[in-house]
Amino acid sequence: MLFSLKKNLMCRAIEKRNRQNPFDYLSAENYSLAPDADPLVNNSYYFSAHDDKLSFFARLGKRVHQDETWFVLFIDGKLYSLGQELFPAGDSPIRVEKKGEQWTVSFEGILNEKDEVVFRAKFVPREQPVDFTTSVPAARMATGMANEKWSKAFFAQLQTISGQCHYEQEGELEGSLSLNGRTVDFRLPCVRDHSFGKRDWNYMNNHLWLMAVSSPLQFNYSLVSYPALTALEVGNFRDGKDLHFLHRADLDFRQVAQGEIPSELSFHVTLEGGRVLPVTAKVLATVTYHFQDGQYILHENIAEFEIDGKTCRGILEIGFNQDSSRFFNQRDLRGIRR
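It should be emphasised that the depicted structure is a prediction, and the values quoted were computed from it without experimental measurement.

Engineer: Any chance you could explain the pattern of salt bridges here in plain terms?
Structural biologist: Note on pairing: side chains with opposite charge can pair once their charged atoms come close. Here the structure, examined in full by the defined rule, presents 20 salt bridges. Put simply, R63 and E68 hold a salt bridge, and the shortest N to O gap is 2.8 Å. For the pair shown, R63 and E68 are each scored as buried. Where E174 meets R187, a salt bridge forms, and the shortest distance between an N and an O atom there is 1.9 Å. Of the two residues, E174 is situated in strand β10 (residues 165-179) and R187 in strand β11 (residues 182-198); the sequence distance between them amounts to 13 residues. For E174, a relative accessible area of 26% gives the class partly exposed. Among the charged side chains, a network of salt bridges with common partners joins R126, E127, E170, R238 and K241.

Engineer: For this particular structure, what's the right way to read the environment of S324?
Structural biologist: With respect to the helices, strands and loops of the structure, S324 is situated in the segment after β19 (310-321). A relative accessible area of 47% means that S324 is categorised as partly exposed. A sequence separation of 65 residues divides S324 from G259, and the C-alpha atoms of the two residues are 7.0 Å apart.

Engineer: Sorry, what's going on with unusual backbone geometry here?
Structural biologist: For residues other than glycine, phi is negative in most cases, and the peptide bonds are mostly trans. Although it is not a glycine, N180 adopts a positive phi angle of roughly 50°. Relative to the assigned elements, N180 resides in the loop between β10 and β11. A positive phi is found at D308, a non-glycine position, where the angle reads about 55°. Relative to the assigned elements, D308 resides in the loop between β18 (296-307) and β19.

Engineer: When you look at helix α1 (residues 2-20) in this model, what are you seeing that I'm missing?
Structural biologist: Within an α-helix, residues lying three or four positions from one another point in the same direction, as the helix has 3.6 residues per turn. Over its 19 residues, α1 runs 27 Å from end to end, which matches the ideal 27 Å to within 8%, given 1.5 Å per residue. Buried within α1 are the following residues: F3, K6, M10, C11, I14 and N18. The buried residues of α1 occupy an angular sector of 140° when the element is viewed end-on, so they sit on one face. Summarising the geometry of α1, the exposed residues directed more than 90 degrees from the buried face are L5, R12, R19 and Q20. Tucked into the core, α1 has its buried residues touching α3 (138-146) and α4 (152-158).

Reading guide: rules and limits
Residues numbered from 1 in each chain as written. Predicted model: local features only at pLDDT ≥ 70, side-chain atom pairs only at ≥ 80, totals over all residues. Heavy atoms only, no water. Salt bridge = Lys/Arg side-chain N within 4 Å of Asp/Glu carboxyl O. Buried < 20%, exposed > 50% of the residue type's maximum accessible area, 1.4 Å probe, protein only. Helix = DSSP H or I, 4+ residues; strand = E, 2+ residues; numbered from the N terminus. Expected span 1.5 Å × (residues − 1). Arc of directions from axis to C-beta. Contact = heavy atoms within 4.5 Å.

Listed below in structure tokens is the structure:
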């Protein structure tokens, strides 16, 4: 009874807040770091594009003192990745630029310490953006909050995770790449992700993000644990033109609480409206990233998905705080209401 009362109370409060503070897409698209921004404030651009022959992802996380940088190709079953993770601010070999209403991403450099790559692409939007604060049903955040003991300290801690703007947009990534002189033209289903605000990687306990994309569908499942919020689950599924949000998932949290990369995950997602999707993700290739001097370790895995009988590719991202005693706040995972 107490859980339901807390959940309903927070649902109403979150819905009211979202009505009063709608997502400002144009402002978010033009966000840039202030020269005197706190080093924990980040402005992150991420692109992930896949078909059955080529997978690509790149991230440029701008901070006032450094650029967090990822660039990876998976082609013909071989992984090519940029070894250096951090560059001085403004020196990343990745360029993400907004030209009018269009985003471009480019790279020129060496992968795997020996392979020469030149990459040029533009993002062609296909769908409206999904904002993870205002688009997602309020019940998702309210459920996570209702699982916690409420106090002044609890609500104060929530401010640590409430300052991020985070949204995604589906589209296609169109361009060409040269790999050791071999040119490949591509047009890939793609998800573009933009987030900005304070991001302290060490404040996270652990997380999981699954994203699959193909021409007919796009799938997203996100699970994150913070000291203030043991488990927050959100997600969405697009089948054709219809977008459906996650109502609940039956993923066994114990599978992602070991500090290791699961080779395969299988579970069911129930969407709002009652439709149930069987989901399986199998890891194909892995790149590991280190944040804040190793305080948080993130594994970005290219994965093959089967979703509701359809096969496609995407990302299985999983991360862990270096302090394993923090995973899910050491809660009894069977007792978390979802």
